[in-house]
Each structure stands twice: as C-alpha cells, then as structure tokens.
Amino acid sequence: MSHGEELLRSKGLRVTRPRLAVLAVLSGGGHLEVDEITRRVRDRLDSVSTQAVYDVLGALTRAGLSRRIEPAGSPARYEARVGDNHHHVVCRGCGVIADIDCAVGAAPCLDPNPTHGFEVDEAEVTFWGLCPACQARRSAEE
C-alpha cells in the first residue's frame, strides 16, 4: 500500500486515482493554485476535470490532508503542510509565498484579548513584503 493510500484510508476517504494524484502533486511542495494542480494532475492521469480537482481538494482539506490559504487579492492556494500552525509571507511584487514557522510557539500562536466568548484554537497570520528577487529588481531600477 502506498503512502497516499495509507493517508486517505487513515482519514476514512476512498482511494481514487484523482485523490492519489492530487496528494502526489501537493506533496511536491509549494502553494499551488487550482489551475497548476490540475495541470500537474493531468500530466499523471489520462484525463481529469477541473471540477474533479476542486472536489478532491475540498475532501482533502476537510480531512486535514491539505490546507487552503487565500492571501488578499490572490486566488486560493493549496499546500500539503498541515497541522503545525505555520504562517505565510507573501511578496507584494510577484506574489510568491513562503512558509514561516509559528512566531511564538504552539497553537493558537496569538492570544486575542478579549475573545468575545470564542474558544480560539488557531491564528492565521500573513506577513507581507518583498522577496529577494523583487528587492533586487527594485534596487536595479533605482
């Protein structure tokens, strides 16, 4: 049994070729848009619809096998890094996204005050700035 099959079964999900292909694409790392995931899945399978990829991503995200992030002004992106309460830094110039480990320790990482009666279990933090490539471009233009 493959690692992908084990992951799907451990979460009570049926093992299908599209699910295995999406898991394999996500395990390659990165913060991928659905169009890129679909393109890579089509490289692995004979054919798969974009809607099927959306359905698989929804199932994987609900099961905790993928994470959906939506930086402001950007389409949804998906990643395989889950369960560790990490954050992201987004380049304002080119849109590249990188992971940043939790700033202060365990989830929820930040303690809001007041909580307004909520039981807070996670904080989603997005840092914004310029990546090294965009910094170099800016310096070259000055």
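Values in this document were obtained by computation on a predicted structure and should not be read as measured data.

If you tally the helices and strands in the protein, you get 5 helices and 6 strands. The N-to-C order of helical and strand elements in the protein reads α-α-β-α-α-β-β-β-β-β-α. Reported as C-alpha extents along the three principal axes, the dimensions of the protein are approximately 50 × 50 × 25 Å. Looking at the protein as a whole, 34% of its 142 residues are labelled buried. Counting only contacts in the protein whose residues sit at least 6 apart along the sequence, the fraction spanning at least 24 positions is 44%. For the protein, the centre of its 17 positive side-chain charges and the centre of its 20 negative side-chain charges are spaced 6 Å apart.

For the pair helix α1 (residues 3-10) and helix α2 (residues 17-27), the least separation of the axes is 10 Å and the interaxial angle reads 110 degrees. One element, α1, and the other, α2, form an angle in the roughly perpendicular class. In the crossing of α1 with α2, the sense of the turn from one axis to the other is right-handed. Counted together, Gly4, Glu5 and Leu8 of α1 and Arg19, Leu20 and Leu23 of α2 form the full contact between these two elements. Taken together, the residues that form the contact of α1 with α2 break down as 3 nonpolar, 1 polar and 2 charged.

Bringing the sheet that holds strand β5 (residues 97-100) into the picture now. Here 3 strands make up an open sheet; going across it, the order is β5-β4-β6 and the pairing mixed. Among the strands making up the open sheet, the edge pair consists of β5 and β6 (126-129). Averaged over all pairs of adjacent strands, the angle between their axes in this sheet comes to 25 degrees, without regard to strand direction. Pairing geometry for strand β4 (residues 87-91) and β6, over 4 bridges, is parallel. The partner of Val89 across the bridge, within β6, is Phe127.

In this section: the nonpolar core. As a rule of thumb, soluble globular proteins bury nonpolar side chains together. With 21 residues, the main nonpolar core has Val22, Ile37, Val41, Leu57 and Leu60 as its most contacted residues. Per element, the largest residue contribution to this core is 5 residues, and it comes from α2. Once residues within four sequence positions are removed from consideration, Leu60 is found in contact with Leu8, Leu13, Val22, Leu23, Leu26, Leu65 and Ser66.

By a widespread convention, an interface's size corresponds to the accessible area lost as its parts come together. According to the domain assignment, the protein consists of domain 1 (3-69) and domain 2 (84-141). For domain 1 and domain 2, the distance between their C-alpha centres works out to 25 Å.

Take the state of the cysteines next. The final tally for this structure, using the stated rule, is 0 disulfides. Lacking any disulfide linkage, Cys94 is separated from the closest cysteine sulfur, that of Cys131, by 3.7 Å. Between Cys134, a cysteine without a disulfide, and Cys91, which holds the nearest cysteine sulfur, the sulfur-to-sulfur distance is 3.6 Å.

Bringing the pairing of β5 into the picture now. Pairing between β4 and β5: 4 bridges, direction antiparallel. Bridged to Val89 within β5 is Ala98. Between β4 and β5, which pair antiparallel and follow one another directly, the connecting turn spans 5 residues, one of which, Gly95, has a positive phi of 85 degrees.

What counts and what doesn't
- Residues numbered from 1 in each chain as written.
- Predicted model: local features only at pLDDT ≥ 70, side-chain atom pairs only at ≥ 80, totals over all residues.
- Heavy atoms only, no water.
- Helix = DSSP H or I, 4+ residues; strand = E, 2+ residues; numbered from the N terminus.
- Buried < 20%, exposed > 50% of the residue type's maximum accessible area, 1.4 Å probe, protein only.
- Contact = heavy atoms within 4.5 Å.
- Lys, Arg positive; Asp, Glu negative; His and termini not counted.
- Charge placed at Lys NZ, Arg CZ, Asp CG, Glu CD.
- Axes fitted to C-alpha atoms, helices over the stretch in contact; angles between N-to-C directions.
- Parallel < 35°, antiparallel > 145°, perpendicular 65-115°, else oblique.
- Left-handed = near helix turned anticlockwise from the far one by under 90°.
- Nonpolar A, V, L, I, M, F, W, Y, C, P; charged D, E, K, R; others polar.
- Pairing = 2+ DSSP bridges.
- Core = buried A, V, L, I, M, F, W, Y, C linked by side-chain atoms within 4.5 Å.
- Domains from an automatic or database assignment.
- Disulfide = S-S within 2.5 Å.

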